[in-house]
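Summary of structural features
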Amino acid sequence: MIIIGSSNGGVGIAAGWSVLQAGGSALDAVEMATRLVEDNPDDHSVGYGGYPNLLGEVELDASIMDGTTLRAGAVGALKGYRYAISVARRVMEELPHVILVGEGAARFAAEIGMQRENLLTEHAERVWRAGLEGRAMIDWQGVPELVAALLWRSATLTSDPEHVTGTVNFIAQDRQGRIASAVSTSGWAWKYPGRLGDSPIIGGGNYADDRYGAAACTGWGEAAIRAATARSVVLYLKAGYPLEEACREAFRDLAPILRGTPNVMSLVAIDRHGNHCAMTTAEERTYVYQADGMDQFVELPRIVVTID
């Protein structure tokens with residue numbers, strides 16, 4: 001058994017490991033671990049307390065994937081419900097769809113009994129207002145010119161998405177060898193309303209397949225979407241690459257997109273044998289994991305990849 005996650009997953013990894021130890025499924029483990037991060041108001045990249053979009057609205061993206069069946073569920077631009085990962089799982093299990101966005105995602109969350117709430121904490125609101133200079137422009141009511149002005153004004157704030165927000169991801173393999181992956185985020189702080197990153201995109205920021213392995217991404221979501229990064233790692237595993245080389249090859253695919261930008265990409269991955277790997281284009285990034293024989297999780301540095 002193994003569970004691996006981004007560094008902010010330290011809040012939830014112990015709970016995910018407990019699920020695995022009790023004989024629970026990888027799906028249950030990654031959902032449980034993610035929910036605890038979504039609960040954490042001190043993590044401004046996920047769930048409750050996440051940094052908002054340009055208009056001061058917290059929009060959540062999440063996805064979950066079952067590597068045994070290749071079923072997946074996702075939500076995007078979800079407002080008013082902190083447990084985006086659980087809504088995504090219910091999409092997977094109860095609907096004939098993979099992804100719901102915006103009002104449809106919120107409608108479904110209400111239908112399955114989720115509690116609606118205001119996700120914007122006082123701290124997140126202060127940061128948002130401080131970032132957008134000129135408070136007179138904040139209370140707009142849909143005037144396109146003001147949207148354009150806000151977007152122009154925030155351009156310097158959003159030059160690197162991982163500097164203004166992040167993502168949590170978990171991958172687990174249970175006693176039966178089943179693999180599952182989960183990703184949840186409040187997205188790019190000060191993003192344009194309705195923006196979706198890679199987190200809810202199956203194959204972009206999240207992919208799992210029991211036969212080969214799984215990968216999940218953080219960082220510049222637009223790059224992971226364009227290169228289908230999570231799916232690429234799994235395909236390289238299918239082609240026979242060792243895990244670390246499969247991850248490196250996925251980063252080589254990202255090079256034309258990342259080259260010349262300050263933006264960061266990171267990923268975590270496992271193969272079907274339970275080996276794990278974590279890579280990044282930035283210095284001093286870490287990840288967490290726990291596996292058989294370990295009394296508690298550990299936090300380790302990621303392998304740093306240079307984009308030529």
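Read on for a plain summary of the structure.

Definitions and limits used
- Residues numbered from 1 in each chain as written.
- Predicted model: local features only at pLDDT ≥ 70, side-chain atom pairs only at ≥ 80, totals over all residues.
- Heavy atoms only, no water.
- Pairing = 2+ DSSP bridges.
- Helix = DSSP H or I, 4+ residues; strand = E, 2+ residues; numbered from the N terminus.
- Contact = heavy atoms within 4.5 Å.
- Axes fitted to C-alpha atoms, helices over the stretch in contact; angles between N-to-C directions.
- Buried < 20%, exposed > 50% of the residue type's maximum accessible area, 1.4 Å probe, protein only.
- Arc of directions from axis to C-beta.
- Nonpolar A, V, L, I, M, F, W, Y, C, P; charged D, E, K, R; others polar.
- Patch = residues over 30% accessible without salt bridge, like charges linked within 9 Å, V, L, I, M, F, W, Y side chains within 5 Å.
- Areas by Shrake-Rupley, 256 points an atom, 1.4 Å probe, with all protein chains shown as cover.
- Salt bridge = Lys/Arg side-chain N within 4 Å of Asp/Glu carboxyl O.
- Parallel < 35°, antiparallel > 145°, perpendicular 65-115°, else oblique.
- Left-handed = near helix turned anticlockwise from the far one by under 90°.

A separate point is the sheet that holds strand E7 (residues 206–209). Ordered by their spatial adjacency, five strands build an open sheet running E7-E8-E9-E10-E13, and the pairing between neighbours is mixed. Only two strands of the sheet have a single neighbouring strand rather than two, namely E7 and strand E13 (303–304). In this sheet, strand E10 (residues 276–280) lies alongside strand E9 (residues 265–271) in antiparallel orientation, the contact comprising five bridges. Residue pairing across strands places isoleucine 270 opposite histidine 276, the latter belonging to E10. Each of E7, strand E8 (213–219) and E9 touches helix H9 (residues 229–238); the most contacted strand, E8, lies at about 150 degrees to it. Set on the sheet, helix H10 (residues 243–258) makes contact with E9, E10 and E13; between it and E9 the angle comes to about 155 degrees.

The set of residues buried in helix H1 (residues 13–21) consists of Ile13, Gly16, Trp17, Val19 and Leu20. The arc that holds every buried residue of H1, seen down its axis, measures 155 degrees, which confines them to one face. Among the structural elements, strand E1 (2–6), helix H2 (26–39), strand E5 (168–173) and strand E11 (286–291) are those in contact with the buried residues of H1. One or two positions beyond H1, positive phi appears at glycine 23, with a value near 90 degrees.

Here the focus is the sheet that holds E5. Strand order in this open sheet of eight strands is E4-E3-E2-E6-E5-E1-E11-E12, and the pairing throughout is mixed. In this open sheet, the two edge strands, each paired with only one partner strand, are strand E4 (99–101) and strand E12 (298–301). Across the sheet, the mean angle separating the axes of adjacent strands is 15 degrees when strand polarity is ignored. As judged from the five bridges shared by E1 and E11, these two strands associate in the antiparallel manner. Counted as the bridge partner of isoleucine 2 is alanine 291 from E11.

The next subject is the packing of H2 against helix H3 (residues 84–94). Packing of H2 against H3 brings their axes to within 8 Å, and their N-to-C directions diverge by 150 degrees. Seen from H2, the contacting residues are Leu27, Asp28, Glu31, Thr34, Arg35 and Glu38; seen from H3, they are Ala84, Ile85, Ser86, Arg89 and Met92. When its residues are assigned to classes, the contact of H2 with H3 shows four nonpolar, two polar and five charged.

For tryptophan 188, the position within the fold is in the loop between strand E6 (179–185) and E7. Along the backbone, tryptophan 188 and leucine 54 are 134 residues apart, and their C-alpha atoms lie at a distance of 9.9 Å.

For the rest of this paragraph, the subject is a nonpolar patch on the surface. Together, Val11, Met32 and Leu36 line one region of the surface with nonpolar side chains, adding up to about 220 Å² of accessible area. Here methionine 32 lies in helix H2. Looking at methionine 32, the relative accessible area reads 37%, which means it is partly exposed.

Taken as a whole and assessed by the stated rule, the structure comprises 15 salt bridges. Here arginine 71 ties to aspartate 66 by a salt bridge, and the two come within 3.5 Å at their closest N and O atoms. Here glutamate 245 makes a salt bridge to arginine 252, at a shortest N to O gap of 2.6 Å. With relative accessibility at 44%, the residue arginine 252 sits in the partly exposed group. Here the salt bridges do not stand alone but share partners, grouping Asp28, Glu31, Arg89 and Glu93 into one network.

Of all seven residues in strand E2 (residues 60–66), seven are buried; the element is thus mostly enclosed. Remark: four residues form the turn of the hairpin made by E2 and strand E3 (residues 71–78), two consecutive strands paired antiparallel; leucine 70 in that turn has positive phi of roughly 65 degrees. One ladder, built from six bridges, connects E2 with E6; its direction is antiparallel. Among the inter-strand pairings, isoleucine 64 is bridged to a residue of E6, identified as alanine 182.

Running from N to C, H9 and H10 point in directions that differ by 135 degrees, and their axes come no closer than 8 Å. By the angle between their axes, H9 is oblique relative to H10. Every pair of crossing elements has a handedness; the one defined by H9 and H10 is right-handed. Side by side, H9 and H10 meet where Thr229, Ser232, Val233, Tyr236 and Leu237 of the first sit next to Leu243, Ala246, Cys247, Glu249, Ala250, Asp253 and Leu254 of the second. Tallied by class, residues from the contact of H9 with H10 come to eight nonpolar, two polar and two charged.

Another point: the pairing of E7. Both faces of E7 are covered, namely the face carrying Asn206 and Ala208 and the face carrying Tyr207 and Asp209. In this sheet, E8 lies alongside E7 in antiparallel orientation, the contact comprising four bridges. Residue pairing across strands places alanine 208 opposite alanine 214, the latter belonging to E8. Between the antiparallel neighbours E7 and E8 lie three residues.

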